[in-house]
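Listed below, chain by chain, are the residues.
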Amino acid sequence: MRKLWSTFNVPTKISVVWVALVFFFVVTGSFLPLPDPTEFDPDASGVGLFSSGHLLGTDINGYDLLSNVINGARISILIALISVGVGGLIGSAIGIGSAYVRGKLDITVNLFFNILLSIPNLVLGLALVAILATSVDPSIPIDPNRRVFIIIFSLTVVIIPILGRIARGATLSWVNREFIVAARSMGMKDRHIIFKHIVPNVLPAIYAVIFLAIGVVIVAEGALSLLGVGIIDGVSWGAMIGRVAGDFTYAPQSMYVPVIVLALTVIAFNQIGDHL
């Protein structure tokens, strides 16, 4: 780890520290002496930064911004990690398998990836959430857990072709190398070649793109919530921004705080991915 850390430039080190800080608050936020994010303070409505009892101020309704940012980090980061993890696993498996087998399978998979990639990420996610997580009768609310599941599913679908395309391209660059040909000529089974020779060489490219994909998913989830089809009740960064969108004139910090935190987190993940 020390050797890896020494290879990081200053922006990457700052990004790693920021991401580590975000994960620290995600894990320990419930144990910190902070106001309850679901309770409002009627005596501190819309107060600014560094106010008494409210380090980052409150929104117009009196909700503590620091508590809500930390609480929102849990769901935003959770959705990003699950979506990228599952989508990356499925997409990488499909991409590696199709590139190794080639032929009609590879043509079909490549066409499938191209079709999905031709649809803007936000439009695809918006369509899936609108169809699967929207009640026909507005008076009947959607189960929040179902909505979260559908959002994760839709963002996973978005990630599959992105990481699948990367895995396929990386596999194509390795599949005809001399040591792969030698392994085949020695009678090594295909699954052993894939897991012992292909996957270890493809993983570095996937690792790098995973960090970039996490940033993409965080922004996509925030956009969906801001459009009213994502997480509700302000329990994610995007939902928090959507909840205070109309209060910018009276309490600008309620918009600045979640936007800045979300932006810095995405920039940090992108910087780490670029460096890798």
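To be clear, the structure that these remarks concern was listed above.
Just so it is clear, the structure is predicted and the values come from calculations on it, not from any experiment. (Residues numbered from 1 in each chain as written. Predicted model: local features only at pLDDT ≥ 70, side-chain atom pairs only at ≥ 80, totals over all residues. Heavy atoms only, no water.)

A. Representation of the overall build of the protein chain within the structure. Counting secondary structure elements, the protein chain contains ten helices and zero strands. Order of helices (α) and strands (β) in the protein chain, N terminus to C terminus: α-α-α-α-α-α-α-α-α-α. Across its three principal directions, the C-alpha atoms of the protein chain cover 75 × 55 × 30 Å. Here the protein chain holds 276 residues, and the buried ones make up 43% of them. Long-range contacts, defined as pairs at least 24 residues apart, comprise 68% of the intrachain contacts of the protein chain with a sequence gap of at least 6. Counting only carbon and sulfur atoms, one obtains 70% of the accessible surface of the protein chain, whose full area is about 14400 Å². Taking the average place of the 16 positive charges on the side chains of the protein chain and the average place of its 15 negative ones, the gap between the two points comes to 25 Å. (Helix = DSSP H or I, 4+ residues; strand = E, 2+ residues; numbered from the N terminus. Buried < 20%, exposed > 50% of the residue type's maximum accessible area, 1.4 Å probe, protein only. Contact = heavy atoms within 4.5 Å. Areas by Shrake-Rupley, 256 points an atom, 1.4 Å probe, with all protein chains shown as cover. Lys, Arg positive; Asp, Glu negative; His and termini not counted. Charge placed at Lys NZ, Arg CZ, Asp CG, Glu CD.)

B. How the structure looks around the packing of helix H3 (residues 65-101) against helix H8 (residues 190-226). Axis separation between H3 and H8 bottoms out at 8 Å; the angle between their running directions is 145°. Viewed along their axes, H3 and H8 form a crossing whose handedness is right-handed. For the contact of H3 with H8, a count of residues per class yields 18 nonpolar, three polar and two charged. (Axes fitted to C-alpha atoms, helices over the stretch in contact; angles between N-to-C directions. Left-handed = near helix turned anticlockwise from the far one by under 90°. Nonpolar A, V, L, I, M, F, W, Y, C, P; charged D, E, K, R; others polar.)

C. Here's a closer look at a nonpolar patch on the surface. Taken together, the side chains of Leu78, Ile82, Val86, Leu89, Ile90 and Ile94 present a nonpolar region at the surface, about 480 Å² in accessible area. Counting through the fold element by element, Val86 comes out in helix H3. Residue class for Val86 comes out partly exposed when judged on its relative accessible area of 38%. (Patch = residues over 30% accessible without salt bridge, like charges linked within 9 Å, V, L, I, M, F, W, Y side chains within 5 Å. Salt bridge = Lys/Arg side-chain N within 4 Å of Asp/Glu carboxyl O.)

D. Expanded view of the environment of Phe25. If you trace the backbone, Phe25 turns up in helix H2 (residues 10-28). Here the alpha-carbon distance between Phe25 and Phe195, two residues 170 residues apart in the chain, equals 36 Å. Those residues in contact with Phe25, other than ones at most four positions away along the chain, are Leu32 and Ile70.

E. Just helix H9 (residues 237-244), in detail. Counted residue by residue, H9 has six buried out of eight residues, so it is predominantly covered. Buried within H9 are the following residues: Trp237, Gly238, Ala239, Met240, Ile241 and Val244. Buried residues in H9 make contact with H2, H3, H8 and helix H10 (253-275).

F. How the structure looks around the packing of aromatic side chains. The final tally for this structure, using the stated rule, is four aromatic pairs. Seen from their ring centres, Phe112 and Phe113 are 5.9 Å apart, and the 45° between their planes marks the pair as tilted. Classification of Phe112 by relative accessible area gives partly exposed; the value is 41%. Here the basic side chain of Arg177 rests over the ring of Trp174, its NZ or CZ set 4.3 Å away from the ring centre. (Phe/Tyr/Trp six-rings, centres within 6.5 Å; stacked < 30°, edge-to-face > 60°. Lys NZ or Arg CZ within 6 Å of the ring centre and 35° of its normal.)

G. Broad picture of unusual backbone geometry. Phi is positive for Arg102, which is not a glycine, with a value near 60°. Within the secondary structure, Arg102 sits in the loop between H3 and helix H4 (103-118). The partly exposed category is assigned to Arg102, whose relative accessible area is 39%.

H. Quick peek at the pattern of salt bridges. Applying the stated criterion across every chain yields a total of two salt bridges. A salt bridge links Arg168 to Asp106, with the nearest nitrogen and oxygen atoms 2.7 Å apart. Residue Arg168 is located in helix H6 (residues 144-174), and its partner Asp106 is located in helix H4; the two are separated by 62 residues in the primary sequence. By relative accessible area, Arg168 is classed as buried at 13%. By sharing partners, the salt bridges in this structure join Arg102, Asp106 and Arg168 into a single network.

Treat this as a map of the structure, not an account of what it does.
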